[in-house]
Number of protein chains: 2
Amino acid sequence: MLNMNDNSRQDTVALMAEIGRKARAAARPLAIASPERKHAALVAMAEAIVRGEAEILNANAIDMANGEEAGLSPAMLDRLKLDPQRIRAIADGIRTIAELPDPVGDVIAGWDRPNGLHIERVRTPLGVIGVIYESRPNVTADAGALCLKAGNAVILRGGSDSLNSSGAIHACLVEGLKAAGLPQDAIQLVPVSDRAAVGEMLKGLGGNLDVIIPRGGRSLVERVQTEARVPVFAHLEGICHLYIDRSADLDMAVKIAVNAKMRRTGICGAAETLLVDRAVAATHLVPVLTALRDAGCAIRADEEVLSLFADAAPATEDDWRTEYLDAIISVKLVDGVAGAIEHIETFSSHHTEAIVAEDAAAVEKFFNEIDSAILLHNASTQFADGGEFGMGAEIGIATGKMHARGPVGVEQLTSFKYRVRGSGQVRP
Amino acid sequence: MLNMNDNSRQDTVALMAEIGRKARAAARPLAIASPERKHAALVAMAEAIVRGEAEILNANAIDMANGEEAGLSPAMLDRLKLDPQRIRAIADGIRTIAELPDPVGDVIAGWDRPNGLHIERVRTPLGVIGVIYESRPNVTADAGALCLKAGNAVILRGGSDSLNSSGAIHACLVEGLKAAGLPQDAIQLVPVSDRAAVGEMLKGLGGNLDVIIPRGGRSLVERVQTEARVPVFAHLEGICHLYIDRSADLDMAVKIAVNAKMRRTGICGAAETLLVDRAVAATHLVPVLTALRDAGCAIRADEEVLSLFADAAPATEDDWRTEYLDAIISVKLVDGVAGAIEHIETFSSHHTEAIVAEDAAAVEKFFNEIDSAILLHNASTQFADGGEFGMGAEIGIATGKMHARGPVGVEQLTSFKYRVRGSGQVRP
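Residues numbered from 1 in each chain as written. Chains lettered and ligands numbered in written order. Predicted model: local features only at pLDDT ≥ 70, side-chain atom pairs only at ≥ 80, totals over all residues. Heavy atoms only, no water.

Per an unreviewed UniProt entry, the recorded name for chain A is Gamma-glutamyl phosphate reductase, and the organism is Aquamicrobium lusatiense. UniProt annotates chain A under Catalytic activity (unreviewed entry) with the comment "L-glutamate 5-semialdehyde + phosphate + NADP(+) = L-glutamyl 5-phosphate + NADPH + H(+)". On record in UniProt, under Subcellular location (unreviewed entry), the comment for chain A is "Cytoplasm". (UniProt positions renumbered as here; feature names shortened; annotations may be inferred.)

Asker: What exactly am I supposed to notice about helix H9 (residues 218–227) of chain B here?
Answerer: Note: α-helices contain 3.6 residues per turn, so residues at a spacing of three or four share the same orientation. All names here are of chain B. Three or more residues of H9 are buried, namely Leu220, Val221 and Val224. Seen along its axis, H9 keeps its buried residues to an arc of 95°; they face one direction. Seen from the buried face of H9, the exposed residues on the opposite side, beyond 90 degrees, are Ser219 and Thr226. Those residues of H9 that are buried lie in contact with strand E3 (128–133), helix H8 (196–203) and strand E6 (211–215). (Buried < 20%, exposed > 50% of the residue type's maximum accessible area, 1.4 Å probe, protein only. Helix = DSSP H or I, 4+ residues; strand = E, 2+ residues; numbered from the N terminus. Arc of directions from axis to C-beta. Contact = heavy atoms within 4.5 Å.)

Asker: Teacher, can you tell me more about the relation of the copies chain A and chain B here?
Answerer: Relating one copy of the chain to the other requires a rotation about an axis plus a shift along that axis. Each copy of the sequence occupies a distinct position, and chain A is placed on chain B by a rotation of 180° and an axial shift of 0.0 Å, giving an RMSD of 0.1 Å. Accordingly, the operation relating the two chain copies is best matched by a two-fold axis. Rotation axis and chain A: the residue whose C-alpha lies nearest the axis is A:His403, separated from it by 2.0 Å. A shared binding surface is used by both copies, with 100% of the interface residues of chain A retained as interface residues in chain B. (Least-squares fit on C-alpha atoms with pLDDT ≥ 70 in both.)

Asker: What am I meant to see in the UniProt feature "domain: Aldehyde dehydrogenase" (unreviewed entry) in chain A here?
Answerer: According to UniProt, the positions carrying the feature "domain: Aldehyde dehydrogenase" (unreviewed entry) are residues 17–285 of chain A. This span, residues 17–285 of chain A, is 51% helix and 17% strand, and a straight line between its end C-alpha atoms measures 58 Å.

Asker: For this particular structure, what's the right way to read the pattern of salt bridges?
Answerer: When the charged atoms of two side chains lie near each other, side chains of opposite charge can form a pair. Residue and element names in this part refer to chain A. Under the definition given, this model contains 58 salt bridges over all chains. Among the ionic pairs, glutamate 272 bridges to lysine 261, the shortest N-O distance being 2.9 Å. Here glutamate 272, found in strand E8 (residues 271–277), pairs with lysine 261, found in helix H10 (residues 250–262); they are 11 residues apart in sequence, far enough to count as distant. Residues glutamate 272 and lysine 261 agree in their burial class; the two are buried. Through salt bridges with shared partners, a single network forms among Arg9, Glu200 and Lys203. (Salt bridge = Lys/Arg side-chain N within 4 Å of Asp/Glu carboxyl O.)

Asker: How should the environment of B:Asp194 be read in this particular structure?
Answerer: All names here are of chain B. Relative to the helices and strands, aspartate 194 is located in the loop between strand E5 (187–189) and H8. Sequence separation between aspartate 194 and serine 8 is 186 residues; the distance between their C-alpha atoms is 9.2 Å. Those residues in contact with aspartate 194 that lie beyond four places of it in its chain are Thr12 and Arg157. At 2.9 Å, the side chain of aspartate 194 and the backbone nitrogen of alanine 196 are in polar contact. (Polar contact = N/O pair within 3.5 Å; in protein donor to acceptor, adjacent residues only side chain to side chain.)

Asker: For this particular structure, what's the right way to read the confidence of the model for chain A?
Answerer: A low pLDDT means the predicted coordinates there should not be read in detail. Mean pLDDT over chain A stands at 95; residues scoring 70 or higher make up 98%. A low-confidence stretch, residues 1–5 of chain A (pLDDT under 50), is modelled with six contacts involving residues beyond four sequence positions or located in other chains. (pLDDT = per-residue confidence, 0-100.)

As structure tokens, then:
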């Protein structure tokens, strides 16, 4: 570890270049490490976290004291705080990842050619992944473990607020790597907090960084998406829509609307806009809005909705473009599924949209014509989550169309190559 | 079409922005167009090409006259030249693409969750693809047709040498789009030849370009890879290796070596370096090199090889890094498959490598430890081709690890989304 105080910008540039080279060097032995060895490393990491509880809590106490002194908000302090229960959850998370199927070497597809060649498409690691995150120290463990499972080296750059906590967790990860005989540079934590380190990562560390995953608030993701010269797996925001079709079962619509908005309002899969088919405005709108209001949700409605449900504030154009991440929903009447699609294709961030309907044709139209990462029928938008998809764990959700889209789990952290088996074939 | 003569740089910037907006607008109707409609458009394009032979030949005659006047090399003039046979081949190529399975809507994976949700991963178009190519006018048709089949809008930027030929071919493609009722902006050809147009594409046309595919020589690909702010599917070079293991069948090794190097020396899948296991230097080296020499291949050998086969020039370090694209091969002895892997991981461009061996353990080691897009066992490197892989057609071969790797066919020009079917599930 360098002394944080005497880091000039130039030192950081040199340090980051060195971190990149070490990651690339570690990536090759890691890519060919056996599933058993990676599993052993992950189990050893979880054990080291449990054993290291006292050191992790001490390090976290320093971060918390610094954070209080620096005037961090209660919400930020809560994200930063670790206790024995949270530390056990971190260890359990690593164990869950350890038990996932190893994706490397998986045969994704295989076929024979008329000339007798047998072609297979096989999963391989991506290489070196950079993860840039903010104050949650648990991301250190989650991201490190997921990248390792997929055979990738990872460079972790946590927020300065959690530098000590992340450092203590990272030491446990390295213990696990060593115990399993894997290169300890497979998981590196950037040991300095100056922003130049992030800048170097966004430039790609001289070709030694293959993809960047930002984990944090909008301003972090926006900076990464704008400046990165390497691919980014991320979503900027989740402006998720719930559409209630004329064919919807009313009870189901009420139940899904309340869950999609109110179960947890701060997650990216929370619904932000409710679209109701004008054909059932008279029957469905008021019961759904009443249930939302009774659950504590504020309503921003267009004029037509206001005329039917007075307990709401008027919506402006901005509301259709806003991710509230709060107990607020914007509401609008639309002309059937075609109207819903038009609104969604105009305003959505292409993260997740749901339709409540019994009419199969309306569902198919919604599924075919909306180009968002996740579309749901008769289910809450809050299922937009790698765990709920059965991926075991996720590092985030991507709304880009390149490589990874939707929940990013171990499979999405891999690439592939072709293996062709012949018996002496030459090309005519 | 703008008049080429009064295009200031600013006009080009505005023109390219407009082309980008039109492509994005065309992408949505195209993404939801039925397979039948896309098929009909492609068939109509092929018919228009056949019908338009005279116009295409006239346009090509102008390009050829300009090219001769400008002093283009015979090789470049040959690439530029069209004749009735080549025009029929262009039409047949479009018909082949028309008959490929439509990838959009394909269910790639599907699974059930314990809560009853059924999750499907379904192919979708990528969006807007930019293709930047040089003098071959047939790329206009190949790239336009492949992108359309995958439901993508495409912006084609051909070389200035072939502007008239490409324009005549493009007019036929637009005829096909119109005949099938698809937006004619689905396939646009940049109508100006100044380099600022390429620069605008590399910047991504204000978010209206999702991926760029360069088709051409090293300097074009290098510029695109260095400057592009959007993802690129490409390979810079194909430094492909053939390794002959101690367990290789000698006759097979000779046959594959001659084919891998000499069948066509100018393609990216041609072998450039031959690695021979030191354990069979006495038996295998001379017969293989003799066959290569007799086939007209020049040999660049390290000292050890020179001592066994005198009819060769000495290789320098540069030879291991050189894509000859010519009847030249570099040759080296290595210590078994481990030595071959070490050399390949150091010098390869990670395009295609082949092993000739009867020992299954050597093959598995070669397949597992080399991270190139295509690995072959007992088959020629010249099979590195989308057509040979059964993809029907390819737009190129990619060596990056993001999204597309190896031959880029219609499937690789798609993304995916998730469709989740429920029966009222809410998240606990």
